[in-house]
Amino acid sequence: MKPEELFALALGLRAPWFIERVEFSNEDGHQALHLHVDYHRGTDLVGRDGLKYKAYDHRRRTWRHLNFFQHECYLHADVPRIQQEDGSTQQIEVPWAIEGSSFTLLFDAFALTLCQNGMSLSAAGRFLGVDGRVVGRIISRYVEQALENQPLDQVTVMGVDETSSRKGHNYLTILTDMEQKKVVGVGQGKDEIAFVEALSQTTKRGVCSKKVETVVMDLSPAYKASVRNNLSSAEIVFDRFHLEQMVSKAVDEVRRQEASKTNELKKTKYLWLRNASSLRPQQLLEVNFLCHTNPRLGRAYRLKEWFKEIWNGSDPAEATLLMTEWIRLASKSKIEPMNRVARSFRAHWNGIVKYFNTRLTSGFVERVNLKIQEIKRLAKGYRNMQNFITMIYFHLGKLQLPTHLKR
């Protein structure tokens, strides 16, 4: 088999395209392989309208391909243009690259694979011998096309949370499909404007606001108002872990208040925050002793432990009754941090007890948050916020990345 035929086979070229010649250059120590592609002249060329044309003229084009061993590889071709009946000219699509790109599809695919497997844009760029921003533009093209083709008409359960986009008070609002476990919308900020921005991205891809039945979230007033104003048919479920965190913070506040009166509570913070079931026997004895000597803190701690147990009940009606009793006892505890939590829970009652019927939590949303922070750390931050959003979709959107982009 001739070298030209071998390279044509490797590139997957089919008639009328073929490798006309192969050259190897060595200019100033820079070695590169050059594949010159041509087509059988006189062949009928198919335009985007599906009709056949003869070549009108040609445009010389060059594409960067994957390295051949340690040598850079380039494809060169005179790409034919056709003239349509209305007089407009159109460049014929080539099978090895997308229109307007300076890289072959195989180069694109390798760049995508490197980043999907954990490389940052800059690291992938160094590996491929190009600027990291070039890799970013390749990914952006594919993500943009994949988002356009991603159907979201079956989304009924969504999660919403904020995540920090950079140091300081800079946030992103993240909407997730809780059933398919993927990010479906991203908005800049953590207010209703950001929520609407993220939601608009999903509606463009088929989400019907009237079909969204449930939204899982924390007690953010902005997100609560956003759901009511924009997803009027959806029921809100407040995440149990955020609620447990509120109770734990109240217990820690009581500990700090009591610690100002006695030294025996110094350096015991994490004893009170951990579940009693996870304490070692000696730690459990210490907590029981401190609860006895500090009755106010002991009452708050027992309320915290009981609160955690309520969530594990299997009967929704019974769990609802227990939650009602918990709020009553917390309200009458004469412990202001617990009183404050009880007032908040009473104000958010419907969204709290919805959990007992749905058993939905924002655990997946929290994992998304951690992954987003990992994406940010890997890149050492993003100056361009749109690039950051693109990488969130790339890694967490479960996109079907096309082998060919729509022209």
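Higher on the page you've got the structure.
Keep in mind it's a predicted model, so treat the numbers as computed, not measured.

Rules behind the numbers
Residues numbered from 1 in each chain as written. Predicted model: local features only at pLDDT ≥ 70, side-chain atom pairs only at ≥ 80, totals over all residues. Heavy atoms only, no water. Pairing = 2+ DSSP bridges. Helix = DSSP H or I, 4+ residues; strand = E, 2+ residues; numbered from the N terminus. Axes fitted to C-alpha atoms, helices over the stretch in contact; angles between N-to-C directions. Expected span 1.5 Å × (residues − 1). Buried < 20%, exposed > 50% of the residue type's maximum accessible area, 1.4 Å probe, protein only. Contact = heavy atoms within 4.5 Å. Core = buried A, V, L, I, M, F, W, Y, C linked by side-chain atoms within 4.5 Å. Salt bridge = Lys/Arg side-chain N within 4 Å of Asp/Glu carboxyl O. Polar contact = N/O pair within 3.5 Å; in protein donor to acceptor, adjacent residues only side chain to side chain. Arc of directions from axis to C-beta. Parallel < 35°, antiparallel > 145°, perpendicular 65-115°, else oblique. Nonpolar A, V, L, I, M, F, W, Y, C, P; charged D, E, K, R; others polar. Phe/Tyr/Trp six-rings, centres within 6.5 Å; stacked < 30°, edge-to-face > 60°. Lys NZ or Arg CZ within 6 Å of the ring centre and 35° of its normal.

Draft legend 1. Summary view of the sheet that holds strand S12 (residues 235–238). The five strands lie next to each other as S10-S9-S8-S11-S12, forming an open sheet whose pairing is mixed. Either end of the sheet is taken by a strand with one partner, and the two such strands are strand S10 (182–188) and S12. For this sheet, the mean inter-axis angle between neighbouring strands, taken without regard to orientation, is 30 degrees. Where strand S8 (residues 157–166) lies against strand S9 (residues 170–177), eight bridges are found, and the strand directions are antiparallel. Counted as the bridge partner of Thr163 is Leu172 from S9.

Draft legend 2. Geometry of helix H10 (residues 295–310). In this model H10 runs 23 Å from its N-terminal to its C-terminal C-alpha over 16 residues, within 8% of the 22 Å that 1.5 Å per residue would give. Every buried residue of H10 is accounted for by Leu297, Gly298, Ala300, Tyr301, Leu303, Lys304, Glu305, Phe307, Lys308 and Ile310. Residues of H10 that are buried in the fold lie against helix H7 (240–259), helix H8 (269–273), helix H9 (281–293), helix H11 (316–331), helix H12 (336–347) and helix H14 (355–358).

Draft legend 3. The arrangement of the nonpolar core in detail. Ranked by internal contacts, the top residues of the largest apolar core, which has 97 residues, are Val135, Ile139, Trp272, Trp326, Met338 and Phe345. Other than its neighbours up to four places away in sequence, Trp272 contacts Val251, Arg255, Leu265, Val287, Leu290, Cys291, Leu297, Tyr301 and Lys304. Counting 22 residues, the second-largest nonpolar core is a separate cluster that includes Ile19, Leu35, Val37 and Ile82.

Draft legend 4. The arrangement of the side chain of Asp252 in detail. Along the chain, Asp252 turns up in helix H7. A relative accessible area of 10% places Asp252 in the buried class. Not counting residues up to four positions away in its chain, the partners in contact with Asp252 are Lys269 and Leu273.

Draft legend 5. Molecular detail of the pairing of S10. Judged by how many residues are buried, S10 sits mostly within the fold: six of seven residues are covered. Here S9 runs beside S10; their pairing, made up of six bridges, is antiparallel. By the bridge assignment for S10, Ile174 is matched with Val186.

Draft legend 6. How the structure looks around the pattern of salt bridges. The full count for this structure, using the stated rule, is 22 salt bridges. A salt bridge links Lys54 to Asp44; the shortest N-O distance between them is 2.8 Å. Pair noted here: Lys54 is in the loop between strand S4 (52–53) and strand S5 (57–68) and Asp44 is in the loop between strand S2 (30–39) and strand S3 (45–46), with a separation of ten residues, a long-range link. Since its relative accessible area comes to 40%, Asp44 is described here as partly exposed.

Draft legend 7. Main features of the side chain of Thr202. Locating Thr202 in the fold gives a position in helix H5 (residues 192–203). Here Leu199 takes part through its backbone oxygen, which lies 2.6 Å from a polar atom of the side chain of Thr202. Excluding residues that lie within four positions of it along the chain, Thr202 makes contacts with Leu152, Met158, Leu175, Val184, Gly185 and Val207.

Draft legend 8. Spotlight on H11. A rise of 1.5 Å per residue sets the reference length of H11, with its 16 residues, at 22 Å; its end C-alpha atoms lie 22 Å apart and thus fit the reference within 8%. Among the residues of H11, those classed as buried are Ala319, Met323, Trp326, Ile327 and Ala330. Each buried residue of H11 lies within a common arc of 95 degrees when the element is viewed along its axis, so the set occupies one face. Turned more than 90 degrees from where H11 packs its buried face, Ala317 and Leu321 sit exposed. Buried residues belonging to H11 abut H7, H10, H12, helix H13 (349–353) and H14.

Draft legend 9. Main features of the packing of helix H2 (residues 105–116) against helix H4 (residues 132–148). Between H2 and H4, whose axes approach to 10 Å, the crossing angle comes to 95 degrees. With respect to each other, H2 and H4 are oriented roughly perpendicular. Contact residues: H2 offers Leu105, Phe107, Asp108, Ala111, Leu112 and Cys115, while H4 offers Val135, Ile138, Ile139, Arg141 and Tyr142. Class assignment for the residues of the contact of H2 with H4 results in nine nonpolar, no polar and two charged.

Draft legend 10. Unusual backbone geometry, seen in detail. The omega torsion of the bond from Ala15 to Pro16 falls at 15 degrees, within 30 degrees of zero and hence cis. Structurally, Pro16 is set in the loop between helix H1 (3–11) and strand S1 (17–27). The phi angle at Lys181 is positive, at roughly 60 degrees, despite the residue not being glycine. Residue placement: Lys181 occurs in the loop between S9 and S10.

Draft legend 11. Main features of the packing of aromatic side chains. Scanning the entire structure with this criterion turns up 17 aromatic pairs. Seen in terms of ring centroids, Phe307 and Trp311 are 5.5 Å apart; in terms of plane orientation they differ by 80 degrees. Their pairing is edge-to-face. One exposure class covers both Phe307 and Trp311, and it is buried. Between the aromatic rings of Trp311 and Tyr355, the centroid separation amounts to 5.1 Å while the plane-to-plane angle is 75 degrees, which identifies the pairing as edge-to-face. One end of the pair, Trp311, is in the loop between H10 and H11; the other, Tyr355, is in helix H14, and 44 residues separate them in sequence. For the pair Trp311 and Tyr355, one class covers both residues: buried. One aromatic cluster is present, formed by Phe307, Trp311, Trp326, Phe345, Tyr355 and Phe356 through successive ring pairs. Looking at Lys190, its charged tip hangs above the ring of Tyr171, at a distance of 4.2 Å from the centre.

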